[in-house]
Amino acid sequence: MRLLTPIRVMALALLVAACGGSPASGAPEPKRDQNVITLDELSQETTSNVFEAIQHLRPQMLRVRGGAGSASLSGNSSYQIQVYLGGAKIGTLDALRDISVSTVREIRYLDAAEATQRYGTGNSGGAIVLTPR
């Protein structure tokens, strides 16, 4: 039977430390859902209104997606993104400028199909759903 010399013990300890490092140190961060802004993210936001927070954190939420985008540029209001607060329709994207970040727990983008399924017709541009605190 071989005895471990101090050098071998040190080498073994270094090997164990290298292989068994903290999982948080080398693990990639969990991927964010591009259609959801969480309370954690909103709590760190320095902007005052929801429109600016979305513009900073997930600007793609403010753009109509899919083939309907060109229609919205021509002024067709049926392709505008609708905004819902606590399940009630409050308007289009401009309504987000009047809502304080501190009053919102979650912001979720729904594409046109999801928005129509949940809220009915008139959501061809999708919807932004705000969950109040």
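Since the structure is predicted, the reported quantities are computational estimates derived from the model, not experimental observations. (Residues numbered from 1 in each chain as written. Predicted model: local features only at pLDDT ≥ 70, side-chain atom pairs only at ≥ 80, totals over all residues. Heavy atoms only, no water.)

Asker: Can you break down the pairing of strand 4 (residues 104-110) residue by residue, with the values?
Answerer: With 2 bridges joining them, strand 1 (residues 36-37) and strand 4 adopt antiparallel strand pairing. Note on strand 4: the bridge partner recorded for Ile 37 is Ile 107. Pairing of strand 4 with strand 5 (residues 127-132) involves 6 bridges; the strand directions are antiparallel. Its bridge partner lying in strand 5, Glu 106 is registered against Thr 131. (Pairing = 2+ DSSP bridges. Helix = DSSP H or I, 4+ residues; strand = E, 2+ residues; numbered from the N terminus.)

Asker: Now, about the pairing of strand 5: what can you tell me, with residues and values included?
Answerer: Sheet analysis places strand 2 (residues 82-85) next to strand 5, joined by 4 bridges and oriented parallel. Across the sheet, the residue bridging to Tyr 84 is Val 129, located in strand 5.

Asker: Describe the environment of Ile 37, naming the residues involved and giving the relevant values.
Answerer: With respect to the element layout, Ile 37 can be found in strand 1. Between the alpha carbons of Ile 37 and Arg 105 there is a distance of 8.7 Å; along the sequence they are 68 residues apart.

Asker: I'd like to hear about the sheet that holds strand 1, residue by residue, with values.
Answerer: Judged by pairing direction, the sheet is mixed, and its 5 strands sit side by side in the order 1-4-5-2-3 without closing on themselves. Bordering the open sheet on either side are strand 1 and strand 3 (88-92), each of which pairs with just one other strand. Its contacts with the sheet put helix 4 (residues 50-57) on strand 1, strand 4 and strand 5, and the angle it makes with strand 4 is roughly 60 degrees. (Contact = heavy atoms within 4.5 Å. Axes fitted to C-alpha atoms, helices over the stretch in contact; angles between N-to-C directions.)

Asker: Explain the packing of aromatic side chains to me, using residue names and the numbers behind them.
Answerer: Scanning the entire structure with this criterion turns up 1 aromatic pair. Plain terms: the ring middles of Tyr 84 and Tyr 119 are 3.7 Å apart, the flat faces sit at 10 degrees to each other, and that makes the pair stacked. Of this pair, Tyr 84 sits in strand 2 while Tyr 119 sits in helix 6 (residues 112-119), and the two are 35 residues apart along the sequence. A relative accessible area of 5% places Tyr 84 in the buried class. For Tyr 119, a relative accessible area of 24% corresponds to the partly exposed category. Over the ring of Phe 51 we find Arg 97; its NZ or CZ atom is 3.8 Å from the centre of that ring. (Phe/Tyr/Trp six-rings, centres within 6.5 Å; stacked < 30°, edge-to-face > 60°. Buried < 20%, exposed > 50% of the residue type's maximum accessible area, 1.4 Å probe, protein only. Lys NZ or Arg CZ within 6 Å of the ring centre and 35° of its normal.)

Read these as spatial facts, not as claims about activity.
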